[in-house]
Amino acid sequence: MSTKQDSGKHYHLLCTGDALETVKRHSEEEDITLFGSCFCPFVQRVWVAFEYLGIPYKSNFVDEVDPYKKPKELLEVSPKGLVPGLKLHRYDPPRALNESTVIMEYIEESACLATITTQRTLLPPATDPYARALVRLQADHVSRTVVPAFYRYLQAQDADAQIAGGKEFHESLDQLVGLLERAEREAGPGLGDGLWREGGQLNWTDTLVGPWLFRAANVLKHYCGFEMPSGPKFDAWVRRLFEHPAFKGTCSTEDLYLDSYERYAYNRPNTSQVANAINSGRGLP
Amino acid sequence: MSHPDADIFPHATEKALETVASHSAPQDLIFYAGWFCPFVQRTWIALEEKGIPYQYKEVNPYHKEKHFLGESLYSSYINPKGLVPAIEYHGKPLYESLIICEFLEDAFPSTPRLLPADPFERANARLWIDHISKAVVPSFFRLVQAQDPEKQAIALEENCKALRALAEAVKGPYFGGEEWGLVDTAVVPWIVRDYVIAEHRGYKRADVGGGWEEYAKRLESRESVLRTSSGKKHYEKIYGRYLRDEAQSEAAKATREGRPVP
């Protein structure tokens, strides 16, 4: 296992690379303001959805981690002080939403009503309820199993916990693949079926799990010696996902993630509400 | 070794039994249920509210019958986790109580809607369903299963806080206003079971505040809730195990281990 020391690196406040270019393109006032932070995977889910669906937004990336620095405008939108948060200026007074999956469903549904979008969809249409349900099952597995397993693995400090964590995370990905295969078998090709199938489109599940796959490939690899599962289909899926313009445009350079996640890797106290929840054996906030 | 929860009383009783009896004919939709399970009751209520024809099949999840876990028409698993509720619609299997409810919304569009039409109101409903899943339900299980008086006190406070927040968001008479909805459906099974924490953990509806007591009373008297609730007699053996933290359900184990409830 790694014999690296905690070098006291801090989380970044500004995006870098492709993500920075995307932030610059979305700095004008719009109907919707997206509150986020540059390294947060929950934010990245929503960010990818905005980019893919082509919905106008203004990005407002803040320091949401330091409890003494949480901006008032973030707390107004998200009482728990968590990102992502949305401020909807078309209402008077403006309305707010939080929770990544809730936000994604909202913008997906609003996209059907809006005119300035790409006419794309992340979920299978309501005319295919079974395909939608299978995708929701995948999403449920990502949020309740894959994501917590990622943090447990990263935050594990002793060798036994690290080995167990790695195994658990691997298993969670195996199970996800099982669900992807099942949907491919039972729902067949169609709108919203995902990048798992060659020729498929970016979908709900890709967007929900992508940020953690990306961080597994750099952060888990660096701090835990994690090897991504490999196989022709899995490799092709991950490559299609990482190279997808909507996803790539929300990724910063590798150093940003390595720096920002060092505090998780050494399980520094009060790293974040997510880290605290994992440490205390609670569900994620 | 047989599972300790395997000797649960085998079927629904009282009003729920009547509902089971009137849903025994084969239908396009098969509903796999455990009469005692709060997660099952969510889906059961949704089926009743929407008036969807279904065939009720009692499954003891701790017996894990072969068809339930293994082969089915399309040689796919109805529910690899072996948990209830699950459905088979035209032979296609699905599980997870809330995912099934959303599926019923999509697949039966001409039945009463459980979610509002406006995207923002829908998002608001989903936020509060998320709150129920993350704060209300886990704190309920933690409170029931806590053995240490200090832990019980903490869990009771968390539970009340979670319920009060929900109560304050209620438009009235139901969560979304005049119509019964998915938020009401998602929380009511824990309302009808709150006598357990009232009798054994010092919980009082009146202590929650924010209009909770009135809201709870209104929800538990809904026809679909009454029709899917069994008599209290046979619950006692089940929740007794939870109170002693001996229960072996996936929800109980997850609570004990500090994991999300599956």
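To be clear, the structure that these remarks concern was listed above.
So, here's what we can say about the structure. (Residues numbered from 1 in each chain as written. Chains lettered and ligands numbered in written order. Predicted model: local features only at pLDDT ≥ 70, side-chain atom pairs only at ≥ 80, totals over all residues. Heavy atoms only, no water.)

## Brief notes about the packing of helix α7 (residues 204-224) of chain A against helix α8 (residues 232-243) of chain A
All names here are of chain A. At their nearest, the axes of α7 and α8 sit 10 Å apart, and the two run at 100° to each other. In this view, α7 runs roughly perpendicular relative to α8, as classed from their interaxial angle. Residue-level inspection shows Asp206, Val209, Gly210, Leu213, Phe214 and Ala217 of α7 in contact with α8, the latter providing Phe234, Trp237, Val238, Leu241 and Phe242. (Axes fitted to C-alpha atoms, helices over the stretch in contact; angles between N-to-C directions. Helix = DSSP H or I, 4+ residues; strand = E, 2+ residues; numbered from the N terminus. Parallel < 35°, antiparallel > 145°, perpendicular 65-115°, else oblique. Contact = heavy atoms within 4.5 Å.)

## Section: the sheet that holds strand β2 (residues 55-58) of chain B
All names here are of chain B. Here we have four strands laid out as an open sheet, ordered β2-β1-β3-β4, and mixed in their pairing. Each of the sheet's edge strands pairs with one partner strand only, and the pair in question is β2 and β4 (92-95). Between one strand axis and the next, the sheet turns by 20° as a mean value, whatever way the strands run. (Pairing = 2+ DSSP bridges.)

## Concerning the environment of B:Trp128
Residue and element names in this part refer to chain B. Turning to its location among the elements, Trp128 is positioned in helix α5 (residues 119-145). With 132 residues separating them in the primary sequence, Trp128 and Pro260 have C-alpha atoms 17 Å apart. Sequence-distant contacts of Trp128, that is, excluding residues within four places in its chain, are made with Ala165, Leu166, Ala169, Phe175 and Val183.

## Describing the interface of chain B and chain A
One widely used convention gives an interface's size as the accessible area the parts lose upon coming together. Counting from both sides, the interface comprises 29 residues of chain B and, opposite them, 32 residues of chain A. Both sides together, the interface formed by chain B and chain A hides about 2,700 Å², and carbon and sulfur atoms give 58% of it. Counting the surface chain B buries against chain A, the share from its top three residues, B:Ile99, B:Asp106 and B:Phe120, is 22%. In this structure, the connection of chain B to chain A is made through eight salt bridges. Taking the shortest distance from any N to any O, the salt bridge between A:Glu105 and B:Arg126 comes out at 3.3 Å. In this assembly, chain B and chain A are joined by nine residue pairs in polar contact (both at pLDDT 80 or more). Looking at the side of chain B that touches chain A, the elements that each hand over two or more residues are β4, α4 (97-107) and α5 of chain B. (Buried area = accessible area lost by both parts, 1.4 Å probe. Salt bridge = Lys/Arg side-chain N within 4 Å of Asp/Glu carboxyl O. Polar contact = N/O pair within 3.5 Å; in protein donor to acceptor, adjacent residues only side chain to side chain.)

## Quick look at unusual backbone geometry
With omega at 0°, the peptide bond leading from A:Val83 into A:Pro84 counts as cis. Positionally, A:Pro84 belongs in the loop between α3 (72-77) and β3 (85-88). Going from B:Gly172 to B:Pro173, the amide bond is cis rather than trans, its omega being -5°. On the secondary structure map, B:Pro173 appears in the loop between α6 (149-169) and α7 (182-192). Unlike most non-glycine residues, A:Glu99 shows phi in positive territory, near 75°. Looking at the secondary structure, you find A:Glu99 in the loop between β4 (95-98) and α4 (100-113).

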